[in-house]
Each structure stands twice: as structure tokens, then as C-alpha cells.
Amino acid sequence: MSDYKDLNQKSYESDFDKLGFEIGELLQVEIMQPHTKYVCRLIGYLVDKSIIVNAPIVAGKQVILQKDKPINVRVMVRNCVCAFQSNIKSVSMTPYPYFHLSYPHSVVVHEVRKSSRLEIDIKSDIDSDFDIGIDQWPKTASIIDISPGGARLRSSCLLGDVGHHIVIRFSSKWPTFCYFTNINSSVIYLGILKIWT
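Please read all numbers here as calculations on a predicted model, not as lab measurements. (Residues numbered from 1 in each chain as written. Predicted model: local features only at pLDDT ≥ 70, side-chain atom pairs only at ≥ 80, totals over all residues. Heavy atoms only, no water.)

What exactly am I supposed to notice about the confidence of the model for the protein here?
Reading fine detail from the predicted coordinates is not recommended where pLDDT is low. Taken residue by residue, the protein gives an average pLDDT of 82. The fraction at 70 or more is 86%. Averaged pLDDT values for the elements of the protein fall to 81 in strand β1 (residues 9–14) and rise to 96 in strand β9 (residues 98–102). Across residues 1–8, confidence stays below pLDDT 50; counting only partners more than four residues off in sequence or on other chains, it has 13 contacts. Predicted confidence for residues 193–197 stays below pLDDT 50, and this span has two contacts to residues more than four positions away or in other chains. (pLDDT = per-residue confidence, 0-100. Helix = DSSP H or I, 4+ residues; strand = E, 2+ residues; numbered from the N terminus. Contact = heavy atoms within 4.5 Å.)

Structure below.
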């Protein structure tokens, strides 16, 4: 939980099923030994039994995690960062790799208070040294808002996984000159835009 101690927030505990997690939600799974972070997708859950997530994908390949490994799980819902401890209860390989995580007794919820955010629309190029097995670098994105703590990007392609370092490049044009900016950044949250048809 130390990752969040410096945020302007209030904290409380809640039950997993009371937090409104949706199927398809992205979860950050942190394994302590060896220390590694992966991004998994929520497939489903049964209260007091287990949480089902798909196998994470790294460099285009599915990663099979070891049964009984203790893990920390984090997920962002609306303006809340939720965290709980769990372990990999079982590993299934058919019809595709997925894991059952032990159901948490409680979830610590950190409510991040809204800070000043500025809505913008700046076209940018995103580069990275990570090979996530999708397309080529650099990729294009739009910076859609900024705040004292970071920025939000919108892109039609995957820009990396949580924890990946990326470089954001954009230009500022003025009447007499053009200023180019490179910003070293880290991905802290991934969200999927849902389009209803």
C-alpha cells in the first residue's frame, strides 16, 4: 500500500462485490518473489469463493503464474484505487489460460480526491523500449488532460502495461518558434473505452 501514501486521499475498507467491478476490468497483479507486475483482465467472480482473471500477456505471449503464489492486486475504479492481498488458488489451461484468485476478506479503498485538471487536446508521439508484441513504435496518442500528478492519454492502440516506461513527445507552436518536448513517464493505469453499438 506504500505506493499510495503520498496521495491526497481518504481510505476505507469495503467488500469486493460492493465496489461495482465490471467484467473486463484491468487488474494489476504484483508478485513479490521475484518482484514482478502484470496486468490481467477480470473474467468473473463468485462471492466468498474466487476471482477469475485471464493470464497476462507479455511480449505477445501468455504468462502462466505459479499456483499458491501470494500476490497483491490493485485496480482503479472511478476515482478510487482499490487494493487487496490474495493468492493464486488454481491455474486452468482450457479453453484458454486463466487463474482463480482467492476471494479477499476485504478491499482497501483509497479515494483519490480530485485535483485541478486541465482539459486539452495535444497530438503526441509515444515511444518505448518495451516490446509488448503489438505494432511498432512510436505510436500516436492525444494528451486529453493534465494535472499536477500526471496526464491522461487517449490512443487507438496499446501504449504498454502498468509499470512500463514511455516517452511522450509533442511540440508547442508559437508565432516565432516551435518548442519540442520529451517527457519520461510511467504507465500507472490502463482503461478501455467501451463503445456501444
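Explanation requested: the nonpolar core in the structure shown.
One recurring pattern in soluble globular proteins: nonpolar side chains tend to sit buried together. Within the largest apolar cluster, 27 residues are counted, with the highest numbers of intra-cluster contacts made by Phe21, Ile51, Leu65, Cys82 and Leu101. Once residues within four sequence positions are removed from consideration, Leu65 is found in contact with Val29, Ile31, Tyr38, Ile88, Val91 and Phe99. If you look at the next biggest cluster of nonpolar residues, it comprises twelve residues, including Val39, Leu159, Phe170 and Leu190. (Core = buried A, V, L, I, M, F, W, Y, C linked by side-chain atoms within 4.5 Å. Buried < 20%, exposed > 50% of the residue type's maximum accessible area, 1.4 Å probe, protein only.)

Explain a nonpolar patch on the surface here, please?
Together, Trp174, Phe177 and Tyr179 give the surface a local cluster of nonpolar side chains, amounting to about 390 Å² of exposed area. You can see Tyr179 is positioned in strand β15 (residues 178–186). (Patch = residues over 30% accessible without salt bridge, like charges linked within 9 Å, V, L, I, M, F, W, Y side chains within 5 Å. Areas by Shrake-Rupley, 256 points an atom, 1.4 Å probe, with all protein chains shown as cover. Salt bridge = Lys/Arg side-chain N within 4 Å of Asp/Glu carboxyl O.)

How should the pattern of salt bridges be read in this particular structure?
A pair can form between side chains of opposite charge whenever their charged atoms are brought close. Counting across every chain of the model gives six salt bridges. Residue Arg74 pairs with Glu30 through a salt bridge whose shortest N-O separation is 2.8 Å. Taken as a pair, Arg74 in strand β7 (residues 70–77) and Glu30 in strand β2 (residues 26–31) lie far apart in primary sequence, 44 residues in all. Across the pair Asp121 and Lys123 runs a salt bridge, and its minimum N-O distance is 3.8 Å. The exposure class assigned to Lys123 is exposed, which follows from its relative accessible area of 59%. The network of salt bridges with shared partners includes Asp15, Asp17 and Lys18.

Can you help me understand the environment of Ile71 in this one?
One can find Ile71 in strand β7. C-alpha of Ile71 to C-alpha of Met32: the two residues are 39 residues apart in sequence and 6.7 Å apart in space. When near neighbours in sequence (up to four residues on either side) are disregarded, Ile71 contacts Val29, Glu30, Ile31, Phe84, Gln85, Ser86, Asn87, Ile88 and Leu101.

Got a minute to help me understand the side chain of Glu30 in this structure?
A residue is classified by how much of its surface remains accessible, and Glu30, at 6% relative accessible area, is buried. Within the local environment of Glu30, its side chain forms a polar contact with the side chain of Arg74, the two groups lying 2.8 Å apart. Those residues in contact with Glu30 that lie beyond four places of it in its chain are His35, Thr36, Lys37, Pro70, Ile71, Asn72 and Arg74. (Polar contact = N/O pair within 3.5 Å; in protein donor to acceptor, adjacent residues only side chain to side chain.)

How should unusual backbone geometry be read in this particular structure?
Most peptide bonds are trans, and most residues other than glycine sit at a negative phi. Here the residue pair Gln33 and Pro34 is connected by a cis peptide bond, since its omega of -10° sits within 30 degrees of zero. Inspection of the secondary structure puts Pro34 in the loop between β2 and β3 (36–46). Omega for the peptide link from Thr94 to Pro95 comes to 0°, which places this bond in the cis form. By the secondary structure assignment, Pro95 is in the loop between β8 (80–92) and β9.

What is the right way to look at the sheet that holds strand β11 (residues 118–127) in this model?
The strands making up a sheet associate through backbone hydrogen bonding, with each pair oriented either parallel or antiparallel. What the five strands build is an open sheet, ordered β13-β12-β11-β14-β15; its pairing is antiparallel. On the outer flanks of this sheet lie β13 (150–154) and β15, each paired with one strand and no other. Here the average twist between neighbouring strands, direction ignored, is 40°. Relative to strand β14 (residues 165–173), β11 runs antiparallel, the two sharing three bridges. Across the sheet, residue Asp125 finds its bridge partner in β14, namely Arg169. (Pairing = 2+ DSSP bridges. Axes fitted to C-alpha atoms, helices over the stretch in contact; angles between N-to-C directions.)

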